[in-house]
Amino acid sequence: TILVWVALNAVQHATLWSDLIRSPPDDPYAELAQLLRDRNVTVAAAGYGDCYYLTFILGQDILVASTEFYRIRAYQRAFKSHTGPGRVAIYDRPADCPDAVQLHRWTVCPVPKDFQ
């Protein structure tokens, strides 16, 4: 009887893995990271949870500062000192800003030069 349970469990696991390999679930953070890369973003600011996860999956290729409290001072300095193109703010809600891009729950807004 134990072998029957093991076999049934193995079949269910194999089916699950097969389904996940053929059709992986959506990864909204990966899509957001790709959007930032496609738009040549070099620095960004986002809420703490989003900046933490984005920094990890981007491998620090794009520095993401926190808008809620300082996480890494170097990222905060980089965001404040960068005034050229490639600087965006990521809001976890709809936001009214020029040239905004809406992706899932986020709004990605280019940051004007005078924004602090």
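Residues numbered from 1 in each chain as written. Predicted model: local features only at pLDDT ≥ 70, side-chain atom pairs only at ≥ 80, totals over all residues. Heavy atoms only, no water.

## Focus on the overall build of the protein chain
Here comes step 1: Helices and strands together make up the secondary structure of the protein chain, namely four helices and five strands.
Here comes step 2: Mapped from its N terminus to its C terminus, the protein chain presents α and β elements in the order α-α-β-α-β-α-β-β-β.
Here comes step 3: Scaling as 2.2 N^0.38, a compact globule of 116 residues should have a C-alpha radius of gyration of about 13 Å, whereas the protein chain reaches 20 Å, well beyond that.
Here comes step 4: A principal-axis box enclosing the C-alpha atoms of the protein chain has dimensions of 70 × 30 × 20 Å.
Here comes step 5: By the burial criterion, 32% of the 116 residues in the protein chain qualify as buried.
Here comes step 6: Here the contacts in the protein chain between residues at least 6 apart in sequence split such that 41% fall between residues at least 24 apart.
Here comes step 7: Surface summary for the protein chain: the accessible area is close to 7900 Å², and the carbon and sulfur share equals 59%.
Here comes step 8: In the protein chain, the 11 positive side-chain charges and the 12 negative ones have mean positions that sit 10 Å from each other. (Helix = DSSP H or I, 4+ residues; strand = E, 2+ residues; numbered from the N terminus. Rg over C-alpha atoms; globule rule 2.2 N^0.38 Å. Buried < 20%, exposed > 50% of the residue type's maximum accessible area, 1.4 Å probe, protein only. Contact = heavy atoms within 4.5 Å. Areas by Shrake-Rupley, 256 points an atom, 1.4 Å probe, with all protein chains shown as cover. Lys, Arg positive; Asp, Glu negative; His and termini not counted. Charge placed at Lys NZ, Arg CZ, Asp CG, Glu CD.)

## Re the pattern of salt bridges
Here comes step 1: Taken as a whole and assessed by the stated rule, the structure comprises one salt bridge.
Here comes step 2: A salt bridge links Asp50 to Arg105; its shortest N-O distance comes to 2.7 Å. Here Asp50 is found in helix H3 (residues 48-58), whereas its partner Arg105 is found in the loop between strand S4 (101-103) and strand S5 (106-110), with 55 residues between them in sequence. (Salt bridge = Lys/Arg side-chain N within 4 Å of Asp/Glu carboxyl O.)

## Re the environment of Ala100
Here comes step 1: Along the chain, Ala100 turns up in the loop between strand S3 (87-91) and S4.
Here comes step 2: Judged by relative accessible area, Ala100 falls into the partly exposed class, the value being 33%.
Here comes step 3: The spacing of Ala100 and Val88 is 12 residues in sequence and 9.6 Å in space, taken between C-alpha atoms.
Here comes step 4: In this structure, Ala100 is in contact with Ala95, Thr107, Val108 and Cys109, ignoring residues within four places of it in sequence.

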